[in-house]
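Fold and contact review
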Amino acid sequence: MHLPTLLLSLTAVAVAATPTCTNPPLRREWRTLPRPAQHAYLTAVRCLQTLPSRAPASLAPGARHRYDDFNSVHILASRGLIEGTGGIHLVGHFLAWHRYYVAAFESALRHECGYRGAQPYWNWSIDVASGAPMDAWPVFSNASGFGGNGPPHSRAPTPSWPDVAGATGGGCVPAGPFREGAYTAHVGPGQNTSFNPHCLHRSFNPTVAALKLTKALTDAALAAESFTAFSDAVQGPQVNTQQGIDALTFHGGGHYAPGGDATDFISSPTDPTFWLHHAYIDYLYWQWQSKDLEVRVKEVGGPVVPFSGPTGRNVTLGFEVDLMWEGGSRTVGDLMHIRRGGLCYGYKKYGHGFDDEFEESDRQKEEEEK
């Protein structure tokens, strides 16, 4: 077996076949990480942007590095919403699929790039509550974050990357670790997996941030009494009569506030803040599950195909989600607990939420269930 194939297999095994969760990495909020830890994470992400692609040329012919590979998985998995065949947005498996996806990315950072930490998360509601302008938010620091806004730039809107009122900037990020010239994406925007080298675009939208990235909205989601109610609060209901910014939830807000490439729901991982945003979405999901854990790790629902109505097929625990070459297929049931079924990580509280230290009782329960 060639070394690249072997390494890819090891990365997938680390996510899909870990028999017991011991010493899980604790995911922490970005601003709480010491500067060396922030640098280590950014260096690991940049590492994936230098390692050669291993994606099948038949599926992602434009991919040139491992980061393109992960972006291509999201692009291919997202097409179903546009095509009316399913996808990974506005469906019952949205939370499970993205949980699996972020875990696979975290595993690649650790196993392919020597990263020793956990995937950080970004609690954007703290930034909004601070009243600070977006260019002062820690996550957008040029020195210890992901770089800031792009210069003014106009572009033609597309179905997956629409114009949104309040957007600023729009051009290539000029500074920071993912600035133009330091980071080049080769797939996207939209459904494109052919070779298309381009910079990372940003278009800060403080209007979206102020309206959609608030603690009041996440508190309302956490108060939901059913999985489908929680899922609707995160990603939007199946029937939504609102338009524009009013139609967004905090999931959409976390993409539209940074703007630019992050706004394109198909190729949004082009912006590396994607991973911090979705880690926070997963933390919120885990907080909701933990309110009644043994019940809620068995609770799922929602459509397989968006907007399919009451006669459409619903997601069950046996429904399979697929990361293609980055991990293969898993059932939703495999992905309901963050320290069982091959997943292995926890969360550290900051601001609000709860501590998720790995308890001995969790380890004992896993041993009993083996």
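Quantities reported herein were computed from a predicted structural model and do not represent experimental measurements.

Let's shift gears to the packing of helix H7 (residues 215–222) against helix H10 (residues 273–290). Contact geometry for H7 and H10: axes closest at 9 Å, N-to-C directions at 40°. It follows from the interaxial angle that H7 and H10 lie oblique. Between H7 and H10 lies a crossing of right-handed hand. Residues Thr218, Ala221 and Leu222 of H7 form the contact with H10, whose own contacting residues are Leu284, Gln287 and Trp288. Residue classes in the contact of H7 with H10 are distributed as four nonpolar, two polar and no charged.

Take the pattern of salt bridges next. This structure, assessed with the given rule, holds 13 salt bridges. The salt bridge involving Arg31 is made with Glu29; its shortest N-O contact spans 2.9 Å. What makes Glu29 buried here is its relative accessible area of 1%. Residue Asp282 is joined to Arg99 by a salt bridge in which the shortest nitrogen-to-oxygen separation is 2.6 Å. Within this pair, whereas Asp282 is found in helix H10, its partner Arg99 is found in helix H4 (residues 94–112), the two being separated by 183 residues in sequence. Each member of the pair, Asp282 together with Arg99, is buried.

Attention now moves to the packing of aromatic side chains. Scanning the entire structure with this criterion turns up 33 aromatic pairs. Seen from their ring centres, Tyr121 and Tyr347 are 5.9 Å apart, and the 70° between their planes marks the pair as edge-to-face. Here the residue Tyr121 occupies a position in the loop between H4 and helix H5 (124–130), and Tyr347 occupies one in strand S4 (residues 346–347), the gap between them amounting to 226 residues. Residue classification places Tyr121 among the buried residues on the basis of a relative accessible area of 0%. A relative accessible area of 0% places Tyr347 in the buried class. Cation over ring: Arg296 sits above Trp288, and NZ or CZ is 4.0 Å from the ring centre.

An ideal rise of 1.5 Å per residue puts 26 Å on 18 residues; helix H3 (residues 66–83) measures up with 26 Å between its terminal C-alpha atoms. A bend of about 25° at Ala77 is the largest found in H3. Within H3, 14 of the 18 residues are buried, which leaves it mostly tucked inside the rest of the structure. One or two residues past the end of H3 sits Gly84, with phi positive at roughly 75°.

Moving on to the nonpolar core. Tyr41, Phe105, Phe230 and Trp275 are the most contacted members of the largest nonpolar core, which has 86 residues in total. Looking at this core, the elements with two or more residues in it are helix H2 (35–48), H3, H4, helix H6 (206–212), H7, helix H8 (227–235), helix H9 (250–256) and H10. It is H4 that contributes the most residues to this core, 12 residues altogether. Ignoring anything within four residues of it in the chain, the contact list for Trp275 reads Tyr41, Tyr67, Phe70, Tyr101, Val102, Phe105, Gln119, Pro120 and Pro269.

Attention now moves to the state of the cysteines. Under the counting rule described, the total for this entry stands at three disulfides. Covalently, Cys21 is tied to Cys344 through a disulfide, its sulfur atoms 2.1 Å apart. Across the S-S bond linking Cys21 and Cys344, the dihedral sits near 80°, which makes this disulfide right-handed. Taken together, the positions of Cys21 in the loop between helix H1 (3–16) and strand S1 (26–27) and Cys344 in the loop between strand S3 (329–331) and S4 put the pair 323 residues apart, joining distant regions of the chain. For the pair formed by Cys21 and Cys344, the shared burial category is buried. Two residues share a disulfide in this structure: Cys172 and Cys199, whose sulfurs sit 2.0 Å from each other. The sign of the S-S torsion, about -75°, decides the handedness of the disulfide formed by Cys172 and Cys199: left-handed. Note that Cys172 is positioned in the loop between H5 and H6 and Cys199 in the loop between H5 and H6, a separation of 27 residues in sequence. The pair Cys172 / Cys199 is uniform in exposure class, with both members buried. Numbered in order of appearance, the disulfide-bonded cysteines of the protein chain are paired 1-6, 2-3, 4-5.

About the thresholds
Residues numbered from 1 in each chain as written. Predicted model: local features only at pLDDT ≥ 70, side-chain atom pairs only at ≥ 80, totals over all residues. Heavy atoms only, no water. Axes fitted to C-alpha atoms, helices over the stretch in contact; angles between N-to-C directions. Helix = DSSP H or I, 4+ residues; strand = E, 2+ residues; numbered from the N terminus. Parallel < 35°, antiparallel > 145°, perpendicular 65-115°, else oblique. Left-handed = near helix turned anticlockwise from the far one by under 90°. Contact = heavy atoms within 4.5 Å. Nonpolar A, V, L, I, M, F, W, Y, C, P; charged D, E, K, R; others polar. Salt bridge = Lys/Arg side-chain N within 4 Å of Asp/Glu carboxyl O. Buried < 20%, exposed > 50% of the residue type's maximum accessible area, 1.4 Å probe, protein only. Phe/Tyr/Trp six-rings, centres within 6.5 Å; stacked < 30°, edge-to-face > 60°. Lys NZ or Arg CZ within 6 Å of the ring centre and 35° of its normal. Expected span 1.5 Å × (residues − 1). Bend = angle between axes of the 7 residues up to and from the residue. Core = buried A, V, L, I, M, F, W, Y, C linked by side-chain atoms within 4.5 Å. Disulfide = S-S within 2.5 Å.

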